[in-house]
Structures are given as structure tokens and as C-alpha cells.
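# A structural walkthrough
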Amino acid sequence: MYRTYQLQAHDTTLTHSVFKQWFVRDFDDNDYDELRAQVASGDYFITLATKLDDLSQELADIHPDGHIALEKTIADLEKLQKNYYIRQK
């Protein structure tokens with residue numbers, strides 16, 4: 001189950017995108033297990049790209065700049081899927 005916290009009015013988290021992140025969420029162990037399974041199968045990059053593509057399509061009319069930024073990130077993830085894998089430190 002997710003636990004979501006509302007940040008104060010002047011609080012934001014650091015991000016490398018055009019969006020401000022206003023919520024911080026903790027994940028339970030089941031979410032981490034699913035994440036590890038995606039990494040182990042080699043599908044994490046493309047799974048993330050698919051989720052971002054769904055969000056990008058929703059933003060296309062509402063926030064065109066955000067849509068373009070997400071599409072570039074999706075393209076990067078597709079390149080990573082073809083050429084790299086994740087390994088545990």
C-alpha cells in the first residue's frame with residue numbers, strides 16, 4: 001500500500017524535468033519485489049518507458065512542453081533497453 005505525504009507550500013523535491021514533484025511516496029515491499037522482478041527480467045527500461053508514454057499521451061493537449069520532454073525520455077529509455085542492463089551494486 002502506498003503512503004503519500006503532502007509537502008508544505010514551499011517544499012519541492014529535486015528533479016531533472018520540467019515538472020515540480022509535490023508528493024513523496026513510500027513503497028511497500030511488494031512494490032520492491034515487482035521492481036526487482038522487472039530488473040531481473042531485463043524489462044525495466046521498457047516497462048518504465050511504457051508507463052511514461054501513457055502519461056505523455058495524457059499530457060499532449062494539456063502540457064505540450066511536458067509531452068515533448070517525456071517523449072525524449074521515452075526515446076532514451078528505449079535506447080537503454082536495447083543496449084544496457086541494470087545490475088545491483
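The following paragraphs examine the structure supplied in this document. The structure presented is a predicted model; accordingly, all values stated were derived computationally and were not measured.

Let us look at the packing of aromatic side chains. The description of an aromatic ring pair rests on the distance of the ring centres and on the angle between the ring planes. Evaluated as defined, the whole model comprises one aromatic pair. Between Tyr44 and Phe45, the aromatic rings sit 6.5 Å apart at their centres with planes inclined by 55°, giving tilted as the arrangement.

Let us look at the environment of Leu59. One can find Leu59 in helix α2 (residues 44–59). Residues Leu59 and Leu70, 11 residues apart in the sequence, show an inter-C-alpha distance of 9.3 Å.

Moving on to the nonpolar core. The biggest cluster of nonpolar side chains holds seven residues, and these are Phe45, Ala49, Leu52, Leu59, Leu70, Ile74 and Leu77. Those elements that provide at least two residues to this core are α2 and α3 (64–83). Element by element, the count of residues in this core is highest for α2, at four residues. Among residues more than four places away in sequence, those in contact with Ile74 are Ala49, Leu52, Asp53 and Ser56.

To describe two helices that pack against each other, one gives the angle between their axes and the distance between the axes. Contact geometry for α2 and α3: axes closest at 9 Å, N-to-C directions at 165°. Comparing their axes, α3 and α2 come out roughly antiparallel. Regarding α2 and α3, the two cross each other, and that crossing is left-handed. Between α2 and α3, the residues in contact are Tyr44, Phe45, Ile46, Leu48, Ala49, Leu52, Asp53, Leu55, Ser56, Gln57 and Leu59 and Pro64, Gly66, His67, Leu70, Glu71, Thr73, Ile74, Leu77, Glu78, Leu80 and Gln81, respectively. Tallied by class, residues from the contact of α2 with α3 come to 13 nonpolar, six polar and three charged.

Tracing the chain through its elements places His67 in helix α3. Among residues more than four places away in sequence, those in contact with His67 are Ser56, Gln57, Leu59 and Ala60.

Cut-offs and rules
- Residues numbered from 1 in each chain as written.
- Predicted model: local features only at pLDDT ≥ 70, side-chain atom pairs only at ≥ 80, totals over all residues.
- Heavy atoms only, no water.
- Phe/Tyr/Trp six-rings, centres within 6.5 Å; stacked < 30°, edge-to-face > 60°.
- Helix = DSSP H or I, 4+ residues; strand = E, 2+ residues; numbered from the N terminus.
- Core = buried A, V, L, I, M, F, W, Y, C linked by side-chain atoms within 4.5 Å.
- Buried < 20%, exposed > 50% of the residue type's maximum accessible area, 1.4 Å probe, protein only.
- Contact = heavy atoms within 4.5 Å.
- Axes fitted to C-alpha atoms, helices over the stretch in contact; angles between N-to-C directions.
- Parallel < 35°, antiparallel > 145°, perpendicular 65-115°, else oblique.
- Left-handed = near helix turned anticlockwise from the far one by under 90°.
- Nonpolar A, V, L, I, M, F, W, Y, C, P; charged D, E, K, R; others polar.

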